[in-house]
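Here's the letter readout for the chains.
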Amino acid sequence: LVQTLEHHHELLQFEAAMGLTNLLTSSDELRSRAILARGWYACRDLLFSDNELVQRAGLEAMCNLTMAPEMLERFAEGKCELELRVFIGFCSSEDRASVIAASGALAMLASCDEVAVHIAANENFGALLEVFQQCADPDVQHRIATALCGVAAAES
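A brief look at the structure comes next. (Residues numbered from 1 in each chain as written. Predicted model: local features only at pLDDT ≥ 70, side-chain atom pairs only at ≥ 80, totals over all residues. Heavy atoms only, no water.)

As for the nonpolar core
Okay, so step 1: In this structure, L5, F75, F87, L106, I119 and L128 are the most contacted members of the largest nonpolar core, which totals 53 residues.
Okay, so step 2: Considering every element that reaches this core, the biggest residue donor is helix 7 (residues 96-110), with eight residues.
Okay, so step 3: L5 has contacts with Q13, A16, A17, L20, G39, A42, C43 and L46, leaving out every residue within four places of it along the chain. (Core = buried A, V, L, I, M, F, W, Y, C linked by side-chain atoms within 4.5 Å. Buried < 20%, exposed > 50% of the residue type's maximum accessible area, 1.4 Å probe, protein only. Helix = DSSP H or I, 4+ residues; strand = E, 2+ residues; numbered from the N terminus. Contact = heavy atoms within 4.5 Å.)

In structure tokens, the structure reads:
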């Protein structure tokens, strides 16, 4: 599936990303194998697609990959600042599913104190606060509130 993410045909990219997204929920072993196959980078590349559905599918797969210990370690070491900016940026998207995925990733990542401090230090952190203040969607509010609580707990 990871190789198909790099295919030039958007439908195949979308289907592969959705399939991978679903599979990634099953086990740490599968998430680790996807990361070893460079699945994180392939999904990240999909975020720059002109097709909103392909972007969303890549974002949802990345959200599920954040649960992998290898990815948490990379975030904790400060090696994923671009990804944090991207997740925060997608929280301002007009596509609800993309906002849910991005804010969910931030909520999961912020549960780790070592990552939460990087979220707070990110140059776009203020934008996350703005989204929280302006958003009326309870699902998004819950995810962002969870992320903000993680950040507050890590900083205290």
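Overview of the environment of A97
Okay, so step 1: Looking at where A97 falls in the secondary structure, it is placed in helix 7.
Okay, so step 2: Separated by 26 residues in sequence, A97 and M71 place their C-alpha atoms 22 Å apart.
Okay, so step 3: Dropping the residues within four chain positions of it, A97 is found in contact with R56 and E60.

Quick word on helix 6 (residues 81-90)
Okay, so step 1: Among all positions in helix 6, only E83, L84, V86, F87, I88 and F90 are buried.
Okay, so step 2: Packed against the buried residues of helix 6 are helix 3 (39-46), helix 4 (52-65), helix 5 (69-76), helix 7, helix 8 (113-121) and helix 9 (125-134).

Structural notes on the pattern of salt bridges
Okay, so step 1: Within the structure shown, the criterion is met by six salt bridges.
Okay, so step 2: When the shortest N-O distance is used, the salt bridge between R31 and D28 registers 2.6 Å. Of this pair, R31 and D28 both sit in helix 2 (residues 28-36), separated by three residues, roughly a single helical turn.
Okay, so step 3: Judged by relative accessible area, R31 falls into the buried class, the value being 7%.
Okay, so step 4: The closest approach of N and O atoms between R56 and D95, which form a salt bridge, is 2.7 Å. Here R56, found in helix 4, pairs with D95, found in the loop between helix 6 and helix 7; they are 39 residues apart in sequence, far enough to count as distant. (Salt bridge = Lys/Arg side-chain N within 4 Å of Asp/Glu carboxyl O.)

A look at the packing of aromatic side chains
Where two aromatic rings form a pair, the distance of their centres and the angle of their planes describe that pair.
Okay, so step 1: Applying the stated criterion across every chain, the model contains two aromatic pairs.
Okay, so step 2: Aromatic side chains F75 and F87 sit 6.5 Å apart centroid to centroid with 15° between the ring planes, which places their arrangement in the stacked category. Linking F75 in helix 5 with F87 in helix 6, this pair joins segments that are twelve residues apart in sequence.
Okay, so step 3: For F75, a relative accessible area of 1% puts it in the buried group. (Phe/Tyr/Trp six-rings, centres within 6.5 Å; stacked < 30°, edge-to-face > 60°.)

Describing unusual backbone geometry
Okay, so step 1: Here R38, not a glycine, exhibits a phi torsion of approximately 70°, which is positive.
Okay, so step 2: Within the secondary structure layout, R38 lies in the loop between helix 2 and helix 3.

Looking at the packing of helix 5 against helix 8
What describes two packed helices is the angle between their axes and the distance between those same axes.
Okay, so step 1: The N-to-C vectors of helix 5 and helix 8 enclose an angle of 50°; their axes lie 8 Å apart at closest approach. With respect to helix 8, the element helix 5 is oriented oblique. Once helix 5 is placed against helix 8, the crossing between them reads as left-handed. Contact residues: helix 5 offers L72, F75 and A76, while helix 8 offers E114, V115 and H118.
Okay, so step 2: Looking at the contact of helix 5 with helix 8 residue by residue, the classes come out as four nonpolar, one polar and one charged. (Axes fitted to C-alpha atoms, helices over the stretch in contact; angles between N-to-C directions. Parallel < 35°, antiparallel > 145°, perpendicular 65-115°, else oblique. Left-handed = near helix turned anticlockwise from the far one by under 90°. Nonpolar A, V, L, I, M, F, W, Y, C, P; charged D, E, K, R; others polar.)

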